[in-house]
Amino acid sequence: MTGGAGRVAVIGAGPGGLYFAALARQSAPGREITVFERDGRDDEFGFGVVFSDETLDGIAQADPRVFAAMSAEFARWSDIDVRHAGQVRTCGGHGFAALDRNRLRAILQRRCAELAVDVRYRTPAPPVGRLAEEYDLVVAADGVNSATRTAYPDAFRPELDERPSRYMWLATDKVFDAFTFIVERFDFGVLQVHAYPYSAERSTFIVELAEEPWRRAGFEALAARGFARGESDTASVRRCAELLAGHLEGHRLIPNASRWIRFTTVRNARWRHRNLVLLGDAAHTAHFSIGSGTKLALEDALALAASLGEQPTLEGALAAYEAERRPVVESAQRAAQASLEWFETIGRRTGQGPDQFAFNLLTRSRRVTYGNLRARDPGFVAAVDTAVTGAPEAIGTPPMFRPLKLAALELRNRVVVPPLATFTAVDALPSAFDRAQLTAHALGGAGLVIAGMTAVTPEGRATDRCPGLWSDPQEAAWRELVDAVRAVSDTPLGIQLTHAGRRASRAVPGPDGTGPPLAEGGWPVLAASPLPWDAGGPLPHEANAVQLDSVTADFAASAERAARAGFDVLELQFGHGHLLSGFLSPLTNRRTDGYGGPLAQRLRLPLEVLAAVRAVWPAGRPLLVRISACDWAPGGTGEAEAVAICRALADGGADAVDVSTGEVVAHQRPPYGRGYQTPFAELVRAATGLPTVAVGAISHHDDADSVLLAGRADLVAVGRAHLYDPLWTLHAAAEQGYAGPGAHRPEPWAAGSRRPPGPGSDRVAPRLRLVREPAPPVHRRWRPGPADRPVPARNPEEER
Ligand SMILES: Cc1cc2nc3c(=O)[nH]c(=O)nc-3n(C[C@H](O)[C@H](O)[C@H](O)COP(=O)(O)OP(=O)(O)OC[C@H]3O[C@@H](n4cnc5c(N)ncnc54)[C@H](O)[C@@H]3O)c2cc1C
Ligand SMILES: Cc1cc2nc3c(=O)[nH]c(=O)nc-3n(C[C@H](O)[C@H](O)[C@H](O)COP(=O)(O)O)c2cc1C
């Protein structure tokens, strides 16, 4: 079956184009394939490419001859070395296989020749429109600058995100014996190297700097002169060699068309248009720090060739190819995005000790976690644990179950149930459901449980089903609720106080998080500026001087009531577009008085509120402030402002910041994804020294442990996962085999401290091997020599 593709043109004889051509021909020998390549057959570009076993399994199965040829050339090892501040930390158990990119191309060229694929070198492809008419299928494997993609912008809808950091691909004749990250601080800033061996003679050596250090180091001036195609920036290469002489140990840096470039993440809304299809770098790129384009290009080639074989029509085959590959690629791109941003902002972590820094680096993309690393190299994680806690006895206690002292309050663990409004209040009184939910969460094992948004005035309610804390009956109801929870649990309880500002007077929200404006019974809405939340929303009144004073007084009065009601912790809502967030963000504060304009003035009301609350809130009880550290909209709060806000909050007496983002403007575009807000908690913690709470899509204990051990935050707030499972924290303890003081299980539930058995859980696997396979050693270094046993690659991320 040819999948409707009897005659195929391939643009580009990179690894993607060649591998596709070979597979597509091998699976349908009657198929005619012509590959156009503008460069010469023997033109050599690039250095080494790295694979994991996952990709290699696919290659082995698809074409054993290609696989055998590749295997014969592999450099194999399992260790990652992180060199930083004169120290080296090694983490084993990963598994890499690398080879020379040009040798890979030669293997694929040979395979194409065996299969009689017509590969035309030094032949730029004819115009793609013409090819599309002459061939059944045109595969555009024409690389990151794909002219095919550019020719059909409306069909493919490409999005090119050119990043600010500069990097340069180089080789060296120093043969590293492990994957090696070098992170060096110079007077101009931080410079990092991603280096890995790929043969008995060479290693790939990628030098990377954030934009500012690159300028300050003088590279901008050296790069300014412009270079011909194929020429290298030898002056910059020399300077890199000088700067990194200690790591090169007398070896050379070897350029090949090497110059400073900026990484461009390529995304396309569609990968196919009629009988044209994008493959490899033309369709998508993922930053080199987590996975090479070569690996993704080979996987694309395999999936496209398979789809052509499986589907009866060309249209069906191209649709199946895209449907199969897109989620895999998008997942790699999410990890790559987290990784490239980590390296762009590396300077905020270089103050960490060498162990924690190495752990932070290894977990940067969120694909590799505390749990993975503990399984791969327990010794490495134990060393990090000891270094971070200063206590060998911490080993065996997952980071989330380590205690923390906040002000005078001892938390038994690092898990917080963040404010989770129930929208069940009647007459602004906490409901029976509020009591049930807080009780469930208090019994569920978290170190701290915070009641949802509670208004300081009737107009400050977000909805007509929100509770308040401005009256005696409300105070009494909250006191009763706190007492009821206390009767069964000693878990500290907090409450979040708010004035919803322009987000007030809405109906209970639906799944998108915002309810419509109240049709009846709404109330006047107060805000920094008269800007409605959304088109149909009520027009807010700009707060006048008297109202500003009373907001401050209202917060202080509610805080006093919260203290009397017995709450251990108070959280002020300065985020999510509520009144005080509305003052902080430049997008929602257009005032021309002393409460608007520069940040110092936008901070004025929030700081007045903080001061008034601090004055009445008991000194030993923690006072938290939730902020939106980013608005996810152009012109919104930036990183520098978020840090300045947090410094001011620290000076104003906040004990910790609960670092959320967004919900400030309705037109926000957050990049939702696992732990997507955590980098902001890390930023604030590193810049201010204030304890931070990381929140947002942290739903698995492994993510929580990773965030904490990497020093990205002091506490992790787990919201929706606690609605899914109110005993989330206790279950996380059971799953990690932890039964220490950080996880308190109510005595009456002691019989349920282990996961109940299910079908198959009593099954014991019989021994089926006469000779046991020895477990692969944790640490394997690359030692050139006769082909050795493969090192299984268990790292889903380091699939360069
Ligand atoms: C300077 C540099 C060095 C790199 N080094 C490495 C490395 O050492 N290791 C690594 O893993 N990755 C490296 N990469 C990344 C890697 O090259 C790509 O991610 C990977 O090769 C993608 O494969 P591909 O087949 O999609 O595209 P490519 O390998 O880019 O192949 C595209 C091919 O299409 C050809 N082409 C383009 N337009 C036309 C046209 N109109 N007519 C005919 N031919 C055309 C190009 O000449 C090229 O050969 C490097 C990238 C760059 C830019
Ligand atoms: C049902 C629900 C109610 C929420 N109520 C509040 C609230 O009252 N105050 C607040 O600041 N955030 C509130 N949030 C946001 C959470 O505190 C948390 O920041 C968010 O859910 C992200 O964390 P998660 O991904 O772990 O759920 C609420 C979220 C949900 C799902």
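A short tour of the structure in this document, coming up. No experiment lies behind these values; they were computed from the predicted model shown. (Residues numbered from 1 in each chain as written. Chains lettered and ligands numbered in written order. Predicted model: local features only at pLDDT ≥ 70, side-chain atom pairs only at ≥ 80, totals over all residues. Heavy atoms only, no water.)

**Some thoughts on the overall build of the protein**
- Broken down by element type, the protein carries 27 helices and 30 strands.
- Relative to its length of 800 residues, the protein is compact, with a C-alpha radius of gyration of 29 Å against a globular reference of 28 Å.
- Over its C-alpha atoms, taken along the principal directions, the protein stretches across nearly 85 × 60 × 60 Å.
- By residue count, 57% of the 800 residues in the protein fall in the buried class.
- Here the contacts in the protein between residues at least 6 apart in sequence split such that 73% fall between residues at least 24 apart.
- Summing over all exposed atoms, the protein offers an accessible surface of approximately 31,300 Å²; the carbon and sulfur share of this is 53%.
- Within the protein, one finds 88 positive and 93 negative side-chain charges whose respective centroids are separated by 3 Å. (Helix = DSSP H or I, 4+ residues; strand = E, 2+ residues; numbered from the N terminus. Rg over C-alpha atoms; globule rule 2.2 N^0.38 Å. Buried < 20%, exposed > 50% of the residue type's maximum accessible area, 1.4 Å probe, protein only. Contact = heavy atoms within 4.5 Å. Areas by Shrake-Rupley, 256 points an atom, 1.4 Å probe, with all protein chains shown as cover. Lys, Arg positive; Asp, Glu negative; His and termini not counted. Charge placed at Lys NZ, Arg CZ, Asp CG, Glu CD.)

**Quick notes on unusual backbone geometry**
- Here Arg157, not a glycine, exhibits a phi torsion of approximately 45°, which is positive.
- Relative to the helices and strands, Arg157 is located in the loop between helix H7 (153-156) and strand S10 (158-162).
- A relative accessible area of 48% places Arg157 in the partly exposed class.
- With phi around 50°, Glu249 is a residue other than glycine that occupies positive phi space.
- Relative to the helices and strands, Glu249 resides in the loop between helix H11 (245-248) and strand S15 (253-254).

**Some details on helix H13 (residues 314-344)**
- Look at H13: 42 Å from first C-alpha to last across 31 residues, which is about the 45 Å you get at 1.5 Å a residue.
- At Arg326, H13 is bent by approximately 30°, the largest bend along its length, and proline Pro327 sits one to four residues beyond. (Expected span 1.5 Å × (residues − 1). Bend = angle between axes of the 7 residues up to and from the residue.)

**Thoughts on the site of ligand 2**
- Around ligand 2 sit 17 residues in total, of which Pro419, Gln496, Ala697, Gly719 and Arg720 are the nearest.
- One of the side-chain nitrogen or oxygen atoms of Gln496 is found 2.8 Å away from a nitrogen atom of ligand 2.
- Within the side chain of Gln573, an N or O atom sits 3.0 Å from an oxygen atom of ligand 2.
- Mapped onto the shell around ligand 2, the elements with two or more residues apiece are strand S22 (448-455) and helix H26 (720-724).
- Across the shell around ligand 2, the residue classes tally to 9 nonpolar, 6 polar and 2 charged. (Near = heavy atom within 4 Å. Polar contact = N/O pair within 3.5 Å; in protein donor to acceptor, adjacent residues only side chain to side chain. Nonpolar A, V, L, I, M, F, W, Y, C, P; charged D, E, K, R; others polar.)

**A look at helix H19 (residues 545-565)**
- Taking 1.5 Å per residue, 21 residues should reach 30 Å; H19 reaches 30 Å between its end C-alpha atoms and fits that length.
- Turning to H19, its buried residues number three or more, namely Leu548, Val551, Thr552, Phe555, Ala556, Ser558, Ala559, Arg561, Ala562, Ala563 and Ala565.
- N-capping of H19 is provided by Asn544, with a side-chain oxygen placed 3.1 Å from the backbone N of Val546.

**Some thoughts on the sheet that holds strand S21 (residues 415-417)**
- The 8 strands lie next to each other as S21-S22-S23-S26-S27-S28-S29-S30, forming a closed barrel whose pairing is parallel. In this sheet, neighbouring strand axes are inclined to one another by 25° on average, regardless of whether the strands run parallel or antiparallel.
- Pairing geometry for S21 and strand S30 (residues 715-717), over 2 bridges, is parallel. Directly across from Val416, in S30, lies its bridge partner Ala717.
- Sitting on the sheet, H19 is in contact with S22, strand S23 (493-498) and strand S26 (569-574), with an inclination near 165° to S23.
- Packed onto the sheet, helix H22 (residues 604-616) meets S26 and strand S27 (623-628) and runs at close to 165° relative to S26. (Pairing = 2+ DSSP bridges. Axes fitted to C-alpha atoms, helices over the stretch in contact; angles between N-to-C directions.)

**A short note on the sheet that holds strand S11 (residues 166-172)**
- Taken in spatial order, the 7 strands of this open sheet run S6-S5-S12-S13-S14-S11-S15, and their pairing is mixed. Strands at the two margins of the open sheet, each flanked by one partner only, are strand S6 (87-91) and S15.
- Pairing analysis gives 7 bridges linking strand S12 (residues 179-186) to strand S13 (residues 189-197), with the strands arranged antiparallel. Paired with Phe181 across the two strands is His194, which belongs to S13.

**Here we look at the packing of helix H1 (residues 15-27) against helix H12 (residues 293-310)**
- Remark: H1 packs on H12, axes separated minimally by 8 Å, with the N-to-C direction vectors making an angle of 25°. By the angle between their axes, H1 is roughly parallel relative to H12. Here the hand of the crossing between H1 and H12 comes out right-handed. Contacts between H1 and H12 involve Pro15, Gly16, Tyr19, Phe20, Leu23 and Ala24 on the former and, on the latter, Thr294, Ala297, Leu298, Ala301, Leu302, Leu304, Ala305 and Leu308. (Parallel < 35°, antiparallel > 145°, perpendicular 65-115°, else oblique. Left-handed = near helix turned anticlockwise from the far one by under 90°.)

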